[in-house]
Amino acid sequence: MIAVLSGGVGAAKFLQGLVKAVDESEVVAIVNTGDDWYLHGLKICPDLDTITYTLSGQVNTEMGWGRANETWNAMESLEILGGETWFRLGDRDLATHLYRTQRAQSGATLDVITREITEAFSIGCTILPMTNDTVSTKVQIENRADLLDFQEYFVKLRAEPRVSKVAYQGCESASVLKEAMDALLIADQIIIAPSNPILSIEPILSLPGIKECLLERRNKVIAISPIVNGKALKGPAGKIMAELGQEASVLGIAKRYREFAKYLVIDNLDIEYSGEIRNSSMEPVVLGTVMTTPDVATGLAKEIIRLI
Ligand code: FO1
């Protein structure tokens, strides 16, 4: 069984390859819920949905999130009413949030709701929220004392302001989903997806017991760098790392993960860093990591599962 610590778009692309490289029932994605939030009274779980839509072939491939063949009638009508429309919820996507919110209000936990949704989308692997508890990634930006909701920073402000701090509210006191911890304890491999290390992976690592478990199982842990040639594959990972005083390169990624991951998969373009990665006590694995098509992602996954 292969457990994958997952954020949004980068993880979804990798998982799309992985489920073609192995028996998909052997794959367990443990998904960040720090980006989850309520808008218009609806419970929205962007990373869980991005992975579900991608694996079911129903993602909007241009945006990387939301659904393919989407229409925006609800947003257009909301705009006329003067409602908040900067966070765009398509008509098809809205159905997922309506369903999830109604089920949560009737007492169902997020893991149960996620199972119901992924079954409806005919997903063959297991997709787990990292926790059923409420956690919330908050971002502090320059010249503002208050902490912003992740989506306000990421979408409304287009991740443009300089970040001075990221907080993972609720993570310290949250409980890791039992099924997720069980998977990490017995997995043949634990893969850290090429997701934003600060915004997507760190919330998972901040849950009690996760880092300890990875430390214990370090020989089985393979991280894939989301940074290639000094830039994030997608999104602001490099920018935020630099703003928080970390090196925005595969070496910065090695520094974050070396304690509990034995292998670091880096792109061919970063081969020159192999020696320094080895010196930092990680095993560098040089591959083509830019997942331009699902077939490229499958090729990458096949190479990675061969490592252990
Ligand atoms: N990202 C955007 O850049 N703009 C949006 O309007 C937007 C809406 C949205 C709605 C549902 C959903 O599941 C995701 C959505 N995203 C949007 C993506 C999301 O903000 C981020 O990609 C993730 O939270 C980061 O992993």
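Scroll up to find the structure this text is about.
Here the structure is a predicted model, which is why all the values come from computation and not from measurement. (Residues numbered from 1 in each chain as written. Predicted model: local features only at pLDDT ≥ 70, side-chain atom pairs only at ≥ 80, totals over all residues. Heavy atoms only, no water.)

Asker: In this structure, what is going on with the pattern of salt bridges? I would like to understand it.
Answerer: Any two side chains of opposite charge can pair, on the condition that their charged atoms come close. The full count for this structure, using the stated rule, is 11 salt bridges. The shortest N-O distance in the salt bridge between Lys178 and Asp182 comes to 2.6 Å. Linking Lys178 with Asp182, this pair stays in helix α7 (residues 178–186), spanning 4 residues, or about one helical turn. Its relative accessible area of 59% is what places Lys178 among the exposed residues. Classification of Asp182 by relative accessible area gives partly exposed; the value is 33%. (Salt bridge = Lys/Arg side-chain N within 4 Å of Asp/Glu carboxyl O. Helix = DSSP H or I, 4+ residues; strand = E, 2+ residues; numbered from the N terminus. Buried < 20%, exposed > 50% of the residue type's maximum accessible area, 1.4 Å probe, protein only.)

Asker: Can you walk me through the pairing of strand β14 (residues 283–287) in this structure?
Answerer: Note on strand geometry: in a regular strand, side chains alternate between the two faces of the sheet. The pairing of strand β13 (residues 263–267) with β14 spans 5 bridges and is classified as parallel. Looking across to β14, one finds that Ile266 is bridged to Val286. Taken together, β13, helix α12 (residues 274–279) and β14 form a β-α-β motif whose crossover is right-handed. (Pairing = 2+ DSSP bridges. Right-handed = clockwise from strand over helix to strand, strands pointing away.)

Asker: Which parts of the structure should I look at to understand unusual backbone geometry?
Answerer: With the exception of glycine, most residues fall at negative phi, and the peptide bonds are largely trans. Of note, the phi angle at His40 is positive, near 55 degrees, even though the residue is not glycine. By the secondary structure assignment, His40 is in the loop between β3 (37–39) and β4 (42–44). Of note, Asn229 is a non-glycine position whose phi angle comes to about 55 degrees, a positive value. Following the sequence through the fold, Asn229 ends up in the loop between β11 (227–228) and β12 (231–232).

Asker: Please clarify how empty space enclosed by the protein should be interpreted in this entry.
Answerer: To locate leftover empty space, one rolls a probe as large as a water molecule over the atoms. In this structure the tally under the stated criterion is 1 cavity of 30 Å³ or more. Approximately 40 Å³ is the volume found for the largest cavity. As for the largest cavity, its lining consists of Leu48, Asp49, Thr52, Arg100, Leu110, Thr114 and Ile117. Counting only elements with at least two residues in the lining of the largest cavity, the list comes to α2 (46–55) and α5 (110–120). (1 Å grid on protein atoms, 1.4 Å probe; cavity = no way out; pocket = protein on both sides within 12 Å on 5 of 7 lines; lining within 4 Å. Points joined across faces, edges and corners; volume = space filled by probe spheres on them.)

Asker: Is there a simple way to think about the side chain of Thr96 in this case?
Answerer: Residue placement: Thr96 occurs in helix α4 (residues 91–105). By relative accessible area, Thr96 is classed as buried at 6%. What Thr96 contacts, discounting residues up to four positions off in sequence, is Asp49, Tyr53, Ile117 and Phe121. (Contact = heavy atoms within 4.5 Å.)

Asker: Just to check I follow, could you spell out helix α8 (residues 197–205) for this structure?
Answerer: Every α-helical turn comprises 3.6 residues, leaving residues that sit three or four positions apart pointing alike. Most of α8 is tucked away: 9 of the 9 residues are buried. Listed as buried for α8 are Pro197, Ile198, Leu199, Ser200, Ile201, Glu202, Pro203, Ile204 and Leu205. Two or three places before Ile198, at the start of α8, stands the capping residue Asn196, its side-chain oxygen 2.9 Å from that residue's backbone nitrogen. (Polar contact = N/O pair within 3.5 Å; in protein donor to acceptor, adjacent residues only side chain to side chain.)

Asker: Can you help me understand the state of the cysteines in this one?
Answerer: The bond known as a disulfide is covalent and runs between the sulfur atoms of two cysteines. The tally for this structure, following the rule as stated, stands at 0 disulfides. Cysteine Cys45 shares no disulfide, and the gap to the nearest cysteine sulfur, in Cys171, comes to 14 Å. Between Cys125, a free cysteine, and Cys45, which holds the nearest cysteine sulfur, the sulfur-to-sulfur gap is 17 Å. (Disulfide = S-S within 2.5 Å.)

Asker: Looking at this structure, how should I read the site of the ligand?
Answerer: Not every one of the 13 residues close to the ligand is listed here, only the nearest: Asp35, Asp47, Phe87, Arg88 and Gln151. Asp47 places a side-chain nitrogen or oxygen 2.8 Å from an oxygen atom of the ligand. Between Arg88 and the ligand, the recorded distance is 2.8 Å, taken from a backbone N or O atom to an oxygen atom. Here the ligand, which alone exposes 530 Å², has 88% of that area covered by the protein. Counting only elements with at least two residues in the shell around the ligand, the list comes to α2 and α6 (150–156). (Near = heavy atom within 4 Å. Areas by Shrake-Rupley, 256 points an atom, 1.4 Å probe, with all protein chains shown as cover.)

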